[in-house]
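# Summary of the model geometry
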Amino acid sequence: MNNFHSESKADDDMKINSERLTPAQELEINDFALRLINNVRLQNGQRPWYYTQEAQHVANRVAYLYEQDHMGLSTWHDNKALNQVDSEFGIHTAELMGGDNVNYVEDYLHTMTDLKRAVYSDVVSMLFSTVELRHAQIMLTYNSIDHPETTYFGLSVSWQERNKDGRQEHSD
C-alpha cells in the first residue's frame, strides 16, 4: 500500500464535482475506500465494514454540518456536529477525517482518480503516521457499539473556503 495507481482510464476521464457527487460516484468512492480499509481489517482479524445508503446519508449530513460550523481539517473534529448526527439518527458515530489544504477548489479533485488518490493518501496516512494512531486504532479494531456484528461506513467530502490559516481545505 505504498503507491497509488489509477484504477482505470474510466476513473481518469470521469469528471466529478466533489461538493455534489452523484449517487453512482458516492458508491464508487465508498467501494474504493472500503476495499482499502477492509483489506487491513481482515488481515487484523476483524469483520469488514459495509456501505449502505443510510450510512451515506449520515456521512453527507456530517459533511453538511461541518460546512455550516466552518469546521474541517484545520480545526479537528466537530464534536457538536457529530453529537447532533448521533442524536438525529440514534447512532454512535466514529469519525475518520482526512483531507488537505488547497489553493483553489478548481485546482483539486477534478476526476474520480483525483478523489481516489486523496482517499488512498488519507487511509495510508491514518494507518502509518505516528500522529494518526487513534485513527489507525478505529480503522483496525472498531466495531459498531449498537450492532457489533455489522458496522456501516459512509464517505463524504466537505469544503471550507477559509480555514483558521486563511486557506481552503477539503475534508473527506
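Residues numbered from 1 in each chain as written. Predicted model: local features only at pLDDT ≥ 70, side-chain atom pairs only at ≥ 80, totals over all residues. Heavy atoms only, no water.

The next thing to look at is the packing of helix H3 (residues 53-68) against helix H4 (residues 79-89). Look at H3 against H4: their axes get within 9 Å of each other, and the N-to-C directions meet at 145°. Between H3 and H4 the crossing geometry is right-handed. Across the interface between the two elements, Glu54, His57, Val58, Arg61, Val62, Leu65 and Tyr66 of H3 pack against Ala81, Leu82, Gln84, Val85, Glu88 and Phe89 of H4. (Axes fitted to C-alpha atoms, helices over the stretch in contact; angles between N-to-C directions. Helix = DSSP H or I, 4+ residues; strand = E, 2+ residues; numbered from the N terminus. Left-handed = near helix turned anticlockwise from the far one by under 90°. Contact = heavy atoms within 4.5 Å.)

Considering all chains together, one arrives at eight salt bridges under this definition. Salt-bridge contacts for Arg117 lead to Asp114; the nearest nitrogen and oxygen are separated by 3.5 Å. Here Asp114 and Arg117 lie together in helix H5 (residues 112-128), a separation of three residues that amounts to about one turn. Counted as one network, the salt bridges with shared partners bring together Glu7, Asp11, Glu28, Asp31, Arg35 and Lys116. (Salt bridge = Lys/Arg side-chain N within 4 Å of Asp/Glu carboxyl O.)

Okay, H5 next. In a regular helix each residue adds 1.5 Å, so 17 residues correspond to 24 Å; H5 covers 24 Å between its end C-alpha atoms and thus fits that length. In terms of burial, H5 is largely enclosed, as twelve of its 17 residues are buried. Within the span of H5, buried status applies to Met112, Thr113, Leu115, Lys116, Ala118, Val119, Tyr120, Asp122, Val123, Val124, Met126 and Leu127. (Expected span 1.5 Å × (residues − 1). Buried < 20%, exposed > 50% of the residue type's maximum accessible area, 1.4 Å probe, protein only.)

Here we come to helix H2 (residues 23-43). The terminal C-alpha atoms of H2 lie 30 Å apart, and with 21 residues this matches the ideal 30 Å at 1.5 Å per residue to within 8%. Regarding H2, the residues found buried are Gln25, Glu26, Ile29, Asn30, Phe32, Ala33, Leu34, Leu36, Ile37, Asn38, Val40 and Arg41. Residue Gly45 follows H2 closely and has a positive phi angle near 75°.

Okay, the confidence of the model for the protein chain next. Here the protein chain shows a mean pLDDT of 81. Residues at 70 or above account for 82%. At the level of individual helices and strands, the protein chain shows its lowest average pLDDT in strand E5 (residues 168-171), which scores 46, and its highest in helix H1 (residues 9-13), which scores 95. Counting interchain partners and residues more than four positions distant, the pLDDT-below-50 stretch residues 166-170 has 34 contacts. (pLDDT = per-residue confidence, 0-100.)

On to the side chain of Asn30. Looking at the element boundaries, Asn30 is found in helix H2. Only 2.8 Å separates the side chain of Asn30 from the backbone oxygen of Glu26, close enough to count as a polar contact. At 2.8 Å, the side chain of Asn30 and the backbone nitrogen of Leu155 are in polar contact. Excluding anything up to four places from it in sequence, Asn30 contacts Tyr51, Gln56, Phe153, Gly154 and Leu155. (Polar contact = N/O pair within 3.5 Å; in protein donor to acceptor, adjacent residues only side chain to side chain.)

Attention now goes to the environment of Gln84. In this structure, Gln84 sits in helix H4. In contact with Gln84, other than residues within four places in its own chain, are Arg61 and Leu65.

Here we take up the packing of aromatic side chains. On inspection of all chains with the given rule, the structure shows three aromatic pairs. Judged by centre distance (5.6 Å) and plane angle (55°), the rings of Phe4 and Tyr120 are tilted. With Phe4 in the segment before H1 and Tyr120 in helix H5, this pair connects stretches of sequence that are 116 residues apart. You can call Phe4 buried: its relative accessible area is 18%. On the basis of an interplanar angle of 20° and a centroid distance of 6.0 Å, the ring pair of Trp49 and Phe153 is categorised as stacked. You can see Trp49 sitting in strand E1 (residues 49-51) and its partner Phe153 sitting in strand E3 (residues 151-153), a full 104 residues away along the chain. Judged by relative accessible area, Trp49 falls into the buried class, the value being 5%. We classify Phe153 as buried; its relative accessible area is 11%. Taken together, the aromatic side chains of Phe4, Phe32 and Tyr120 make up a single cluster linked through ring pairs. (Phe/Tyr/Trp six-rings, centres within 6.5 Å; stacked < 30°, edge-to-face > 60°.)

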